[in-house]
Amino acid sequence: MRKIMGLTYLSWKSMKYNRRKTLFVILTVALSVCLLTVVWQYLYSSRQRNIETAALDTGPYHAVYTDLSEWQMRQLMENPKIQESTQFPEKGKAAGVQILLKSDISCKNTLRDIEISIGLQEDQIHWNIPYLDAAEMKPQTILQILCIFLGLLLSAAIVIYNIFNIYVLQDIRLFGTMRAAGFEDWQLKRFLRAEGIAAGSIGSLSGVLFGSAFSSILIPVLGNTERTANALRAETTFGIAALSFLSGLAIVLLGIQKPLKTAAKMSVTEAMGYCPDYGLGSGPKTGRLKNEIWIWDLCRINLMGNRKKNRWAILSLVTTGVLFLIAASIIKSMDLENMIDNSIRGDYSLQLVEGEGRNKESTNSISTDMLKEIEKHSGVTGVHPICYDRLAWSRADAQTHLHLTEEFKELGIGYDDIDSVIYGYDDSFMEECLRRLNGDTAIPLTKMKKNNYAIVVENGVSEFKINDRIRLKNDSADGGCTEFRIIGILQDNITNRGYSGAGNDFIIHQSRFGKLHMDSRIQRAAVTVDQSETEAVKTYLEQLAGSSWYLELESHDELMADYEEQRNALRTSSYSLLGLLFSISVMNLLNTSLSNILSRRREVGILEAIGLTKGQENRMFQTEGMALVSISAAAAVILGLPLGYAGFCLFSRSASYAVYRIPVMETLALLFGFAAVQFAVTKIAMRWLGKNSIMEKISHEDL
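Summarised in this report is the structure supplied together with it. Everything quoted here is computed from the prediction, not taken from an experiment.

### Thoughts on the sheet that holds strand β4 (residues 125–127)
Step number 1: Across the sheet, 4 strands lie side by side as β2-β3-β1-β4; this open sheet has antiparallel pairing. Edge positions in the sheet fall to β2 (82–88) and β4, since each of these pairs with one other strand and no more. Averaged over neighbouring strand pairs, the angle between their axes works out to 20° when direction is ignored.
Step number 2: With 3 bridges connecting them, strand β1 (residues 63–65) and strand β3 (residues 96–101) associate as antiparallel partners. Its bridge partner lying in β3, Ala 63 is registered against Ile 99.

Next up, the structure:
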């Protein structure tokens with residue numbers, strides 16, 4: 001008897017009776033945990049691959065300290081933050097030691113603290129930069145990962161809340177009966193919590209298993225988009241599996257807290273007599289009654305009478321929709337083709353090899369005669385020469401305009417070491433830049449030729465405004481500076497450049513190079529061709545480049561072919577993750593719509609008894625559903641697109657090739673998907689309702 005009446009047994013029976021609710025919870029948790037598992041495994045696998053690569057190149061250690069005193073050596077050997085230290089003798093010097101820290105969290109700061117505490121000097125310190133860069137876990141990185149995790153966790157918890165909230169409101173009379181039979185508040189909460197934990201456990205386990213299987217396919221594909229010697233393989237640990245599993249349980253426990261309180265706070269009398277408030281008193285208090293009741297009147301009564309439930313349904317749909325659009329905005333910005341366009345403008349780039357391009361003393365150049373010869377060749381439609389030179393900043397201007405990043409500090413780059421590459425464009429490229437800046441070309445090309453006007457290329461770590469002035473050190477004997485006036489700011493992704501300096505790149509007209517005693521050699525020529533004569537021009541340019549050891553030829557199409565596989569892999573994996581996010585949204589919408597219709601059998605039966613036709617029923621439910629979907633979709637778009645742009649801005653800091661594009665197709669897919677699912681689920685629910693007669697519907701009792 002105890003076994004029959006046990007809370008666990010009742011919870012299991014309730015899960016079987018409410019199969020649809022249980023299935024939605026399991027699927028929602030499984031999809032969320034699957035997504036979390038994939039994210040955790042990718043981050044872990046990528047980090048492990050980077051550490052292994054660095055360890056193979058330079059060794060698995062954080063730093064080496066040399067010429068140590070006995071006291072310094074003893075302090076290092078006894079330091080509790082150091083996991084492993086290897087002592088080695090130095091010829092003619094005191095001993096040195098190689099150390100490995102216990103933790104990679106903010107390990108560079110840890111090294112600095114250790115070095116300061118024992119008085120190490122700069123010449124004694126030798127950091128293993130490749131290993132540090134691969135292994136270090138910066139606090140800001142941990143915070144970003146935590147924000148992603150909490151975002152996924154809370155969005156899934158809102159969906160679970162919506163599912164349980166609808167379930168609790170439907171079965172509130174059942175809970176009243178249970179209270180009347182002697183259930184106490186804690187027993188009722190334990191009963192509902194047991195349902196949630198059971199469903200959450202099944203969903204979490206399914207999500208971990210499916211996520212691990214999905215990762216084993218997806219992560220190696222993602223690794224193909226990165227040009228590294230070591231292949232990326234899916235790696236997992238018990239900690240990742242446990243964290244993902246516990247996340248699923250946390251999703252359920254977060255989602256059911258409010259429904260638990262709702263079920264427990266009603267008195268027995270209130271629960272037994274509970275009936276949804278359809279808002280009949282919310283209309284006008286005076287005036288004549290309507291002679292007819294329209295479909296919209298019925299819809300309005302239901303929508304207004306269930307405002308609280310509908311608000312949470314909308315919130316859950318908006319949350320999943322916003323998350324989908326943020327991910328879509330970032331994925332759309334991954335423009336590998338633009339990254340190649342930045343390197344090669346046109347179809348081919350004929351250029352000096354790197355060593356000759358950087359050697360200002362070299363006399364090798366792409367001559368004007370060669371350019372004329374190329375331009376005359378059949379099939380060539382345009383030739384654009386580019387000059388460039390590298391100049392150092394004045395210290396005062398570097399301090400004014402530039403923020404020294406952690407990477408600069410780690411590499412020992414200070415304000416005295418900031419330099420920039422100055423690019424010289426021909427008339428055509430310069431006019432294009434001016435159009436991008438000013439729309440109608442407010443700064444004429446003639447002024448660019450006659451004045452030291454420069455366009456600064458935004459790099460995310462500097463602050464420039466129009467009409468600012470920047471002084472760059474020239475190569476004159478007196479060590480003077482050339483001053484440039486900033487007449488425009490271009491984003492990093494829309495210019496035709498190759499090399500970069502520590503500071504911003506600048507663009508001036510190439511005619512200024514000779515007048516300013518800069519390296520006026522033509523070092524690159526962008527060549528565009530008639531597509532019908534591509535092969536002939538390619539053969540000609542290859543022969544031209546092959547005749548001079550200091551020239552090389554790059555092809556836009558060949559680079560694109562090299563990146564095609566990586567781009568397709570990236571798109572496949574990215575849209576697979578989007579599909580998971582969209583599936584969570586769809587599951588939420590399915591539950592909301594089905595519950596809304598199937599819980600109103602008695603109402604439908606009464607309406608049919610007074611003359612409501614099947615077609616009118618369908619229009620009523622479709623109108624209600626589409627109203628909720630329209631509000632949810634509109635709010636998701638209004639919030640999702642700006643937040644998506646903010647996500648792009650964060651992403652573009654580490655991917656200069658990124659170009660923001662409004663995720664139009666993804667937005668339309670979300671809107672159409674919501675509308676299509678709503679339309680389809682209403683049709684299905686109406687078909688289920690149609691199997692019952694009017695009397696069966698009126699006499700239907702959820703208990």
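So, next bit.
### Quick look at a nonpolar patch on the surface
Step number 1: A surface patch of nonpolar side chains, about 450 Å² in accessible area, is lined by Leu 143, Leu 146, Leu 150, Leu 154 and Leu 254.
Step number 2: The element contributing the most residues to the nonpolar patch is helix α7 (residues 139–170), with 4 residues.
Step number 3: Its place among the elements puts Leu 146 in helix α7.

### Observations concerning helix α26 (residues 664–689)
Step number 1: Its 26 residues give α26 an end-to-end C-alpha distance of 37 Å, which sits within 8% of 38 Å, the value for a rise of 1.5 Å per residue.
Step number 2: Within α26 the residues assigned to the buried category are Glu 666, Thr 667, Leu 670, Gly 673, Phe 674, Val 677, Gln 678, Val 681, Thr 682, Ala 685, Met 686 and Leu 689.

### Let's talk about the packing of aromatic side chains
Step number 1: All chains considered together, the criterion is met by 8 aromatic pairs.
Step number 2: Seen from their ring centres, Trp 393 and Phe 506 are 6.1 Å apart, and the 50° between their planes marks the pair as tilted. Of the two residues, Trp 393 sits in strand β6 (residues 380–393) while Phe 506 sits in strand β11 (residues 506–509), which places them 113 residues apart along the sequence.
Step number 3: Exposure remark for Phe 506: the relative accessible area of 1% places this residue in the buried category.
Step number 4: An aromatic cluster of three or more residues is present, and its members are Trp 393, Phe 464 and Phe 506.

### Considering the environment of Thr 592
Step number 1: As for its position among the elements, Thr 592 is in helix α23 (residues 556–598).
Step number 2: Placed 33 residues apart in sequence, Thr 592 and Gly 625 show a C-alpha to C-alpha distance of 9.2 Å.

### Observations concerning the nonpolar core
Step number 1: In terms of nonpolar packing, the biggest core is built from 66 residues, with Leu 578, Leu 581 and Phe 674 touching the most fellow members.
Step number 2: When near neighbours in sequence (up to four residues on either side) are disregarded, Phe 674 contacts Leu 317, Ser 585, Leu 589, Val 629 and Ala 633.
Step number 3: By size, the runner-up hydrophobic cluster in this structure holds 41 residues, among which are Leu 391, Leu 402, Ile 422 and Val 537.

### Some words on the packing of helix α16 (residues 368–376) against helix α22 (residues 534–546)
Step number 1: Relative orientation of the contacting elements α16 and α22 amounts to 165°, with a least axis distance of 11 Å. Overall, the two elements α16 and α22 adopt an arrangement that is roughly antiparallel. By crossing handedness, the relation of α16 to α22 is classed as right-handed. Contacts between α16 and α22 involve Met 370, Glu 373 and Ile 374 on the former and, on the latter, Tyr 540, Leu 541 and Leu 544.
Step number 2: In terms of residue class, the contact of α16 with α22 is built from 5 nonpolar, no polar and 1 charged.

### Things to note about the pairing of strand β9 (residues 469–473)
Step number 1: In β9, alternate side chains face the same way, and those of Ile 470 and Leu 472 are buried while those of Arg 469, Arg 471 and Lys 473 on the opposite face are not.
Step number 2: Where β6 meets β9, 2 bridges bridge the pair, whose relative direction is antiparallel. Bridge pairing in β9 places Trp 393 opposite Leu 472.

### Examining helix α4 (residues 70–78)
Step number 1: Within the span of α4, buried status applies to Gln 72, Met 73 and Leu 76. For α4, the angular spread of buried residues about the axis comes to 100°, placing them on one side. What points out from α4, more than 90 degrees from its buried face, is the exposed set Glu 70 and Glu 78.
Step number 2: Against β1, β2, β3 and α5 (107–117) lie the buried residues of α4.

The rules behind these values
Residue positions are given per chain, counting from 1 as you read along its sequence in written order. Thresholds applied to this predicted model are a pLDDT of at least 70 for local features of residues and 80 or more for the giving and counting of side-chain atom pairs; totals over whole chains, interfaces and linings are not thresholded and use all residues. Values reported for side chains reflect all heavy atoms of the structure, with hydrogen atoms and water molecules removed beforehand. Any two strands between which DSSP finds at least two bridges are classified as paired. Only DSSP runs of H or I with at least four residues qualify as helices, and only runs of E with at least two residues qualify as strands; both kinds are numbered from the N terminus onward. The angle between two axes is taken between their N-to-C directions and runs from 0 to 180 degrees, where each axis is a line fitted to C-alpha atoms and a helix contributes only its stretch in contact. Each patch is built from residues lacking any salt bridge and having more than 30% relative accessible area; the joining distance is 9 Å for like charges and 5 Å for nonpolar side chains (Val, Leu, Ile, Met, Phe, Trp, Tyr). Here the open area of atoms and residues is found with the Shrake-Rupley method and a 1.4 Å probe, where only the protein chains shown may cover a residue. Between Lys or Arg on one side and Asp or Glu on the other, a salt bridge is scored when a side-chain nitrogen of the former is within 4 Å of a carboxyl oxygen of the latter. Each residue after the first adds 1.5 Å to the expected span of a helix. Burial classes follow relative accessibility: with a 1.4 Å probe on protein chains only, a residue under 20% of its type's maximum area counts as buried, one over 50% as exposed, and anything between as partly exposed. Between rings of Phe, Tyr and Trp, where Trp is taken as its six-membered ring, a pair exists when centres lie within 6.5 Å; planes separated by under 30 degrees are stacked, by over 60 edge-to-face, and by other angles tilted. In these notes, a set of buried Ala, Val, Leu, Ile, Met, Phe, Trp, Tyr and Cys residues joined through side-chain atoms within 4.5 Å is what counts as a nonpolar core. Contact criterion: two residues are considered in contact whenever any of their non-hydrogen atoms come within 4.5 Å of each other. Angular relationships are summarised with four words: roughly parallel below 35 degrees, roughly antiparallel beyond 145, roughly perpendicular across 65 to 115, and oblique for the angles in between. Crossing handedness: left-handed means the near helix sits turned counterclockwise from the far one by under a right angle, and right-handed means the same turn made clockwise. Under this grouping Gly is polar, as are all residues other than the nonpolar Ala, Val, Leu, Ile, Met, Phe, Trp, Tyr, Cys and Pro and the charged Asp, Glu, Lys and Arg. The arc in question is the one traced by the directions running from the helix axis out to the C-beta atoms.

Remember that the coordinates give geometry; whether it matters functionally is a separate question.
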